[in-house]
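Read off the chains here:
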Protein chains: 4
Amino acid sequence: MSPMNTDQLEQKKQERKVQIMRAALKVFADNGIKLTKMNMIAKEAKISYGLVYHYFESKEQVLYESLEWGMERNKTKEMFDELNKKQLSALEKIKSFMMVAFKEGDTGRTGDVFRIIQHLHSSPDLPTHIHELIEQSGKVYIETLYPLFMEGQESGEIIEGNAEELLRMYLTILSGIMAEDPLFWKENTEWKVSILIRMIAA
Amino acid sequence: MSPMNTDQLEQKKQERKVQIMRAALKVFADNGIKLTKMNMIAKEAKISYGLVYHYFESKEQVLYESLEWGMERNKTKEMFDELNKKQLSALEKIKSFMMVAFKEGDTGRTGDVFRIIQHLHSSPDLPTHIHELIEQSGKVYIETLYPLFMEGQESGEIIEGNAEELLRMYLTILSGIMAEDPLFWKENTEWKVSILIRMIAA
Amino acid sequence: MSPMNTDQLEQKKQERKVQIMRAALKVFADNGIKLTKMNMIAKEAKISYGLVYHYFESKEQVLYESLEWGMERNKTKEMFDELNKKQLSALEKIKSFMMVAFKEGDTGRTGDVFRIIQHLHSSPDLPTHIHELIEQSGKVYIETLYPLFMEGQESGEIIEGNAEELLRMYLTILSGIMAEDPLFWKENTEWKVSILIRMIAA
Amino acid sequence: MSPMNTDQLEQKKQERKVQIMRAALKVFADNGIKLTKMNMIAKEAKISYGLVYHYFESKEQVLYESLEWGMERNKTKEMFDELNKKQLSALEKIKSFMMVAFKEGDTGRTGDVFRIIQHLHSSPDLPTHIHELIEQSGKVYIETLYPLFMEGQESGEIIEGNAEELLRMYLTILSGIMAEDPLFWKENTEWKVSILIRMIAA
DNA sequence: AATGAATGAGACTTCATTCAT
DNA sequence: GATGAATGAAGTCTCATTCAT
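Remember, predicted model here, so these are calculated numbers, not experimental data.

Colleague: Where do I start with a nonpolar patch on the surface in this structure?
Modeller: Residues and elements named next belong to chain A. Taken together, Ile-142, Tyr-146 and Met-150 make up a surface patch of nonpolar side chains, about 230 Å² in accessible area. By secondary structure assignment, the location of Tyr-146 is in helix H8 (residues 128-154). By relative accessible area, Tyr-146 is classed as partly exposed at 31%.

Below, the structure written as structure tokens:
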């Protein structure tokens, strides 16, 4: 009942939520939104399904907050800021970005978020605020990669043509891979990245 | 009571089945197996859901027969035989294959079948006979493209390396695109094909 | 278009109805009312299910008319009148009744009607007019057998006790047998009848 | 959190299952397998149909487990062992068996199980494991009564003839009664038993 | 007259959500 | 806080009935 208690409780509560959100991201990413049962999230988080409702209003709310949390952790922007400090060409930066973004361990969840966003593209019956979240999240990739594409074209590293269109196609392909084969990046990452880069490298 | 009568009826029945299978392929491709409701197939075919059961035993049977029918129409093999008659390099043949396979109108359904097969890869709880059908169908692409990849490598048109792995990655990317953006090939097909080809062109 | 034609048509129609009713009685008797599908009746009558609706309003109507027709053919009363002409004791008449009633060929349908009536006892959700028909039909057996039971008791052939109760139990057992094992009477009829008679024989 | 807690929960769960199985046995017995709706079981158990699925996988599983449970409670064998300790003639034992088996109160469910087994004889489209259960259960009656029939014939209490056939007919009649009139044994049990016994008593 | 194509109510089952403990 | 018991909407499939041919 001491004031400290309240804080501790609050923190514990937050930890629980994180435990659930981490599980949710994984399960949503693996199965898609509709096919993910509350059951599966609870099992992945090693709690009872009833408890999920103690921390979240609904399945939809779990999705929303998990995405929010995942994007925050995702920190694409920060990743780029980090990259920009290094002395690399535009193409090398793009390559580095892919290596970092998709070859993550347990912590990042970048891939999970990316994959969920793909699943969501094909779920037209979701509420607006979720679609907005997606929209916003998708933008991050565009906003950070577009300048690099432009830079690459100027320096002659990247093929000519409409940079925006090229970027969109590039992202479509990345999305597609993640939707198609979640384990794609697990093996031979470097080789695969280099092949993909060939598409845009002059 | 003329002999023509029976034939006509039989043909009409077959047309109805085709109407349903065409609808089913589209809806399955767009939504995945589990998320496709009989309702959706029926609505797409502009009939009542009850009627679907007049022509097919179950949802699973609709899937199976539709795939079978779609693959038959698909005729990847025939397409290649046609190609091989022409005087083209391996890379040009691969390019032609993509142009023909993915830029079809309403008739071909090649893309739908391709996408469903992708969905099915991630549905481990389907009966054996469907998985066999998929397996078999997937093989067609490999069996027809693999020799071309080899040929391309020998002639120096295609980059060095493990041809099988390269082909698998190539197919994963194609699958991913179709899963991700069904309308991908509608516009700018030629340019998109050329970009993709860059991945493997030496 | 001649007047004769009308009659012939009328007769043909009646024959068709009989064909259906005969089939219906058999299928209803074997499967019970609810579990009998229109399909099964049609197949048994070797016609399409649609045609049944040409001759009858509904499944319920098929049941009603079939029962009516079956009871008419059944002619328990006539059977007894026949028996009464012979010089037999009451017990021998009861025995004869059973032999005739249950060991019939294709024509009689006595057993079918009897069995359907049993099924109907346990179908409380049927319309009134059908229940009335049943009621009425059940009475025939009681009305014709009751005097024989009385007579048998007076002559000392049948055991003492409440004749009505004894008869009711006897009929329950007969009904039960037909519900339980439709083919019961096919074999060893005489021996089985004699065993059953032992229950009431003094 | 006391150790008792888990046990209590487990016990409560078991009680719920028993509540459902008791209801199921009654409803199955009254209506037959196919005509029994999950709804009816739920209503009889005074719960929602959804809850039934919390405790059982499917309707079929409800049937299977209910039968198993009912047979266990049934304990025909134990009943006979009890009887055999007493100094009774074979016929008297058969009589006692019937009195005990069919004049039970709420607890026994012997009659329900017996009736369901009859219904099942006429349901050829049930899975094997259920048929095996039935088979096995049916055997109990035969295995326990057959020796008594033989014994009775040797001592001259029971009429001559093929004991097996006689027993089969006897059981058919019992089954039939239970199928036909579930309340048959409620009243006048002793008298009814004595009449039935007359069939086989020398 | 005859067929069987077409429809939709109802039954089984799944699963998100609420609630008692 | 934590569990899982309880409910009911929605999806798959069956089948009586209507209707076009």
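Colleague: Mind showing me how you'd approach the protein's contact with DNA strand E here?
Modeller: Every one of the 31 residues lining DNA strand E counts as a neighbour, but B:Arg16, B:Tyr49, B:His54, C:His54 and D:Tyr53 are closest to it. Here a phosphate oxygen of DNA strand E sits 3.2 Å away from a polar atom, N or O, in the side chain of A:Lys37. A distance of 2.8 Å separates a phosphate oxygen of DNA strand E from a polar atom in the side chain of C:Tyr55. The set of elements that each furnish at least two residues to the surface near DNA strand E consists of helix H3 (49-55) of chain A, helix H3 (49-55) of chain B, helix H3 (49-55) of chain C together with helix H3 (49-55) of chain D.

Colleague: What is the right way to read the relation of the copies chain A and chain B from this model?
Modeller: A rotation about some axis, followed by a shift along it, carries one copy of the chain onto the other. Once chain A is rotated about the relating axis by 177° and shifted along it by 0.1 Å, it coincides with chain B to within an RMSD of 0.5 Å. Here the two chains are linked by the operation of a two-fold rotation axis. Taking C-alpha positions as the reference, the residue of chain A nearest the rotation axis is A:Gly176, at 1.8 Å. Interface overlap between copies: 100% of the residues of chain A at the interface are likewise at the interface in chain B, consistent with a symmetric, same-surface contact.

Colleague: How should I be thinking about the domain arrangement of chain A in this particular structure?
Modeller: One frequent convention defines the size of an interface as the accessible area lost when the parts assemble. Residues and elements named next belong to chain A. Assigned domains of chain A: these are domain 1 (1-66) and domain 2 (75-202). Averaged C-alpha coordinates put domain 1 and domain 2 at centres separated by 28 Å. The partner domain 2 presents 14 residues to the 12 residues of domain 1 that form the contact. The largest share of the area that domain 1 buries against domain 2 comes from Leu-25, Ala-29 and Tyr-64, three residues that together contribute 44% of it. Linking domain 1 with domain 2 are 1 salt bridge, by the criterion used here. One salt bridge in this structure joins Arg-115 and Asp-30, with 2.5 Å as the shortest N-O distance.

Colleague: Even after reading the chapter, I still don't get the interface of chain C and chain D, so can you show me in this structure?
Modeller: Taken together, the contact pairs 26 residues of chain C with 26 residues of chain D. Three residues stand out in chain C for area buried against chain D, namely C:Met169, C:Glu180 and C:Arg198, and they jointly supply 27% of the buried area on that side. The tally of links from chain C across to chain D stands at 0 salt bridges. There are 6 residue pairs in polar contact (both at pLDDT 80 or more) connecting chain C and chain D. Every element with two or more residues in the side of chain C that touches chain D is listed here: helix H7 (110-121), helix H9 (163-180) and helix H10 (189-200) of chain C.

Colleague: Could you clarify how one ought to interpret the layout of surface pockets in this entry?
Modeller: If you roll a probe as big as a water molecule over the atoms, it shows you where there is empty space left. The computed volume of the second largest pocket comes to approximately 1,600 Å³. Contributing to the lining of the second largest pocket are 50 residues, with A:Asn31, A:Leu35, B:Asn31, B:Gly32 and B:Leu35 lying nearest its centre. Those elements that place two or more of their residues in the lining of the second largest pocket are helix H1 (3-31), helix H4 (59-74), helix H7 (110-121) and helix H9 (163-180) of chain A together with helix H1 (3-31), helix H4 (59-74), helix H7 (110-121) and helix H9 (163-180) of chain B. Taken together, the residues of the lining of the second largest pocket sort by class into 21 nonpolar, 13 polar and 16 charged.

Colleague: Would you explain unusual backbone geometry in this entry?
Modeller: Comment: phi is negative for the bulk of residues other than glycine, and the bulk of peptide bonds are trans. Residues and elements named next belong to chain A. The phi dihedral of Lys-46 is positive, around 55°, even though this residue is not glycine. Mapping Lys-46 onto the fold places it in the loop between helix H2 (38-44) and H3. Residue classification places Lys-46 among the exposed positions, given a relative accessible area of 76%.

Colleague: What am I meant to see in the interface of chain A and chain B here?
Modeller: Taken together, the contact between chain A and chain B spans 26 residues of the former and 26 residues of the latter. Overall, the association of chain A and chain B removes approximately 2,300 Å² of surface from exposure, summing both partners, and the carbon and sulfur fraction of that is 71%. Counting the surface chain A buries against chain B, the share from its top three residues, A:Met169, A:Glu180 and A:Arg198, is 27%. Linking chain A with chain B are 0 salt bridges, by the criterion used here. Here chain A is connected to chain B by 6 residue pairs in polar contact (both at pLDDT 80 or more). Every element with two or more residues in the side of chain A that touches chain B is listed here: H7, H9 and helix H10 (189-200) of chain A. Considering each element in turn, the side of chain A that touches chain B owes the most residues, 9 residues, to H9(A).

Colleague: Hey, could you run me through a positive patch on the surface in this one?
Modeller: The grouping of A:Lys34, A:Lys37, B:Lys34 and B:Lys37 at the surface amounts to a positive patch. Along the chain, A:Lys37 turns up in the loop between H1 and H2. Looking at A:Lys37, the relative accessible area reads 38%, which means it is partly exposed.

Colleague: Which parts of the structure should I look at to understand the side chain of B:Lys93?
Modeller: All names here are of chain B. Locating Lys-93 in the fold gives a position in helix H6 (residues 90-102). For the buried Lys-93, which has no salt bridge, the nearest side chain bearing the opposite charge is Glu-151, at an N-O separation of 4.5 Å. Beyond its immediate chain neighbours, meaning those up to four positions away, Lys-93 contacts Leu-83, Asn-84, Lys-86, Leu-88, Leu-148 and Glu-151.

Colleague: Which parts of the structure should I look at to understand the protein's contact with DNA strand F?
Modeller: In the vicinity of DNA strand F, 29 residues are found, and the nearest of them are A:His54, B:Tyr53, D:Arg16, D:His54 and D:Tyr55. Backbone sugar and phosphate groups make up 60% of those atoms of DNA strand F lying within 4 Å of the protein. Between DNA strand F and B:Thr36 there is a distance of 3.4 Å, counted from a phosphate oxygen to a backbone nitrogen or oxygen. Here a phosphate oxygen of DNA strand F sits 3.0 Å away from a polar atom, N or O, in the main chain of B:Lys59. For the surface near DNA strand F, the class distribution of residues is 13 nonpolar, 10 polar and 6 charged.

Colleague: Explain H10(A) to me, please; I cannot follow it from the model alone.
Modeller: Note on helix geometry: an α-helix contains 3.6 residues per turn, so any two residues three or four positions apart are oriented the same way. Spanning 12 residues, H10(A) covers 18 Å between terminal C-alpha atoms, matching the ideal 16 Å at 1.5 Å per step. Those residues of H10(A) not exposed but buried are A:Thr189, A:Lys192, A:Val193, A:Ile195, A:Leu196, A:Ile197, A:Met199 and A:Ile200. Next to the buried residues of H10(A) lie helix H6 (90-102), H8 and H9 of chain A together with H9 and helix H10 (189-200) of chain B.

Colleague: What exactly am I supposed to notice about the relation of the copies chain C and chain D here?
Modeller: For the match of chain C to chain D, the screw axis carries a shift of 0.0 Å, the RMSD comes to 0.4 Å, and the turn is 177°. Mapped onto chain D, 100% of the interface residues of chain C are again interface residues, and the two copies thus contact each other with one and the same surface.

Colleague: Would you mind showing me how to read the pattern of salt bridges here?
Modeller: Pairs can form between side chains of opposite charge once their charged atoms are near each other. All names here are of chain A. Inspection of the entire model under this criterion finds 14 salt bridges over all chains. The residue Arg-168 makes a salt bridge to Glu-164 at a minimum N-O spacing of 3.6 Å. Of the two residues, Arg-168 and Glu-164 are both situated in helix H9; the distance of 4 residues between them amounts to about one turn of the helix. Here Glu-164 falls in the partly exposed class, since its relative accessible area comes to 46%. Overlapping salt bridges bring together Lys-26, Asp-30, Asp-112 and Arg-115 as one network.

Colleague: I tried to follow H7(B) on my own but got confused; where do I start?
Modeller: All names here are of chain B. In this model, H7 (12 residues) spans 17 Å end to end at C-alpha, consistent with the 16 Å of a helix rising 1.5 Å per residue. Counting buried positions over the 12 residues of H7 gives 10, a clear majority of the element. Taken together, the buried positions of H7 are Thr-110, Gly-111, Asp-112, Val-113, Phe-114, Arg-115, Ile-116, Ile-117, Gln-118 and Leu-120.

Criteria and thresholds
- Residues numbered from 1 in each chain as written.
- Chains lettered and ligands numbered in written order.
- Predicted model: local features only at pLDDT ≥ 70, side-chain atom pairs only at ≥ 80, totals over all residues.
- Heavy atoms only, no water.
- Patch = residues over 30% accessible without salt bridge, like charges linked within 9 Å, V, L, I, M, F, W, Y side chains within 5 Å.
- Areas by Shrake-Rupley, 256 points an atom, 1.4 Å probe, with all protein chains shown as cover.
- Salt bridge = Lys/Arg side-chain N within 4 Å of Asp/Glu carboxyl O.
- Helix = DSSP H or I, 4+ residues; strand = E, 2+ residues; numbered from the N terminus.
- Buried < 20%, exposed > 50% of the residue type's maximum accessible area, 1.4 Å probe, protein only.
- Near = heavy atom within 4 Å.
- Polar contact = N/O pair within 3.5 Å; in protein donor to acceptor, adjacent residues only side chain to side chain.
- Least-squares fit on C-alpha atoms with pLDDT ≥ 70 in both.
- Contact = heavy atoms within 4.5 Å.
- Domains from an automatic or database assignment.
- Buried area = accessible area lost by both parts, 1.4 Å probe.
- 1 Å grid on protein atoms, 1.4 Å probe; cavity = no way out; pocket = protein on both sides within 12 Å on 5 of 7 lines; lining within 4 Å.
- Points joined across faces, edges and corners; volume = space filled by probe spheres on them.
- Nonpolar A, V, L, I, M, F, W, Y, C, P; charged D, E, K, R; others polar.
- Lys, Arg positive; Asp, Glu negative; His and termini not counted.
- Charge placed at Lys NZ, Arg CZ, Asp CG, Glu CD.
- Expected span 1.5 Å × (residues − 1).

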